[in-house]
Amino acid sequence: MADTGLPPGWEVRHSNSKNLPYYFNSNEKVSRWEPPSGTDTEKLKHYMAAHHSATSRSGAVVGVPEGKIRAAHLLVKHRDSRRPKSWRENEITRSKEEAYEIIRGHEKRIKSGEAALGELALTDSDCSSARKRGDLGYFGHGDMQKEFEDAAFGLQVGEMSSVVETASGLHLIERLE
Ligand SMILES: O=C(O)CN(Cc1ccccc1)C(=O)c1nc(-c2ccccc2)[nH]c1C(=O)O
């Protein structure tokens, strides 16, 4: 791990919910927003500049964590989904074929410019991320189901996938960062 300038046992992590870096000590299992005492702040600043982009108003270094992307998705589940229920329906009974019809309809509306993926996700996604317009925050390799990861990392920023199948159901994925 590049030299962060932090005392032994401390590492830099990224909070998706606040889009800010935080400092975590894996031995003591403590985390904090500010670097711990004993940090070489010059080294930390260089590390953060090399591994993150942009800085916020407060001077906190924020941006896309190294090796990660940010994406939103719209999930349409079906009766063979691993967990055939969602905030929208307590028991999802549609067939996979019916789910395909639905998600292809969403794909057409998005491609025609009639609707944005995030707008449709708000009302129609079977994922708990619906309330965040499908935004999943930053994730890296190994965080998501393989088919989902492969599709998402294969996208350019702003691009949308075709229909992707995972054990959770059928997805449309849009890469945001
Ligand atoms: O697959 C399962 O056994 C159950 N899951 C996994 C899950 C359940 C709750 C919260 C997040 C993930 C889902 O079905 C699921 N997968 C997702 C998912 C899949 C790929 C990328 C992002 C989210 N969302 C959900 C959801 O209910 O909200």
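None of these values were measured; they are calculated from a predicted model.

**Things to note about the site of the ligand**
Then, in step 1: The environment of the ligand is made up of 14 residues, and the closest members are K77, R82, R83, S128 and S168.
Then, in step 2: S168 places a polar side-chain atom, nitrogen or oxygen, 3.0 Å from a nitrogen atom of the ligand.
Then, in step 3: For the ligand, the protein covers 73% of the area, taking 530 Å² as the surface of the free molecule.

**Section: the nonpolar core**
Then, in step 1: L74, I103, I110, L117 and L172 are the most contacted members of the largest nonpolar core, which has 14 residues in total.
Then, in step 2: Secondary structure elements with two or more residues in this core: β4 (69–76), α2 (96–111), α3 (117–124) and β7 (169–175).

**Quick look at the pattern of salt bridges**
Then, in step 1: Taken as a whole, this structure holds 14 salt bridges when the rule is applied.
Then, in step 2: A salt bridge links E89 to R94; the nearest nitrogen and oxygen atoms lie 2.8 Å apart.
Then, in step 3: For E89, a relative accessible area of 25% translates into the label partly exposed.
Then, in step 4: Since its relative accessible area comes to 15%, R94 is described here as buried.
Then, in step 5: Salt-bridge contacts for E107 lead to K111; the nearest nitrogen and oxygen are separated by 3.7 Å. Taken together, the residues span about one helical turn, with E107 and K111 both in helix α2 at a distance of 4 residues.
Then, in step 6: By relative accessible area, which is 6% here, E107 ends up buried.

**Here's the deal with the environment of H171**
Then, in step 1: Along the polypeptide, H171 turns up in strand β7.
Then, in step 2: For H171, a relative accessible area of 3% gives the class buried.
Then, in step 3: Separated by 89 residues in sequence, H171 and R82 have C-alpha atoms that sit 14 Å apart.
Then, in step 4: Looking at H171, its side chain comes within polar contact range of the side chain of H73, at 3.0 Å.

**A few points about the domain arrangement of the chain**
Then, in step 1: When its domains are assigned, the chain resolves into domain 1 (10–52) and domain 2 (68–175).
Then, in step 2: Here the C-alpha centre of domain 2 lies 32 Å away from the C-alpha centre of domain 1.

**Remarks on α3**
Then, in step 1: For α3, the set of buried residues is L117, G118, L120 and A121. End-on view of α3: buried residues confined to an arc of 160°, all on one side of the axis.
Then, in step 2: Tucked into the core, α3 has its buried residues touching β4, α2 and β7.

**Observations regarding the UniProt feature "domain: PpiC" (unreviewed entry) in the chain**
Then, in step 1: Within this structure's numbering, the places UniProt gives as "domain: PpiC" (unreviewed entry) are residues 66–177.
Then, in step 2: Helix and strand shares over residues 66–177 are 29% and 21% respectively, and the end C-alpha atoms of the span are 12 Å apart.

Thresholds, definitions, all that
Residues numbered from 1 in each chain as written. Predicted model: local features only at pLDDT ≥ 70, side-chain atom pairs only at ≥ 80, totals over all residues. Heavy atoms only, no water. Near = heavy atom within 4 Å. Polar contact = N/O pair within 3.5 Å; in protein donor to acceptor, adjacent residues only side chain to side chain. Areas by Shrake-Rupley, 256 points an atom, 1.4 Å probe, with all protein chains shown as cover. Core = buried A, V, L, I, M, F, W, Y, C linked by side-chain atoms within 4.5 Å. Buried < 20%, exposed > 50% of the residue type's maximum accessible area, 1.4 Å probe, protein only. Helix = DSSP H or I, 4+ residues; strand = E, 2+ residues; numbered from the N terminus. Salt bridge = Lys/Arg side-chain N within 4 Å of Asp/Glu carboxyl O. Domains from an automatic or database assignment. Arc of directions from axis to C-beta. Contact = heavy atoms within 4.5 Å. UniProt positions renumbered as here; feature names shortened; annotations may be inferred.

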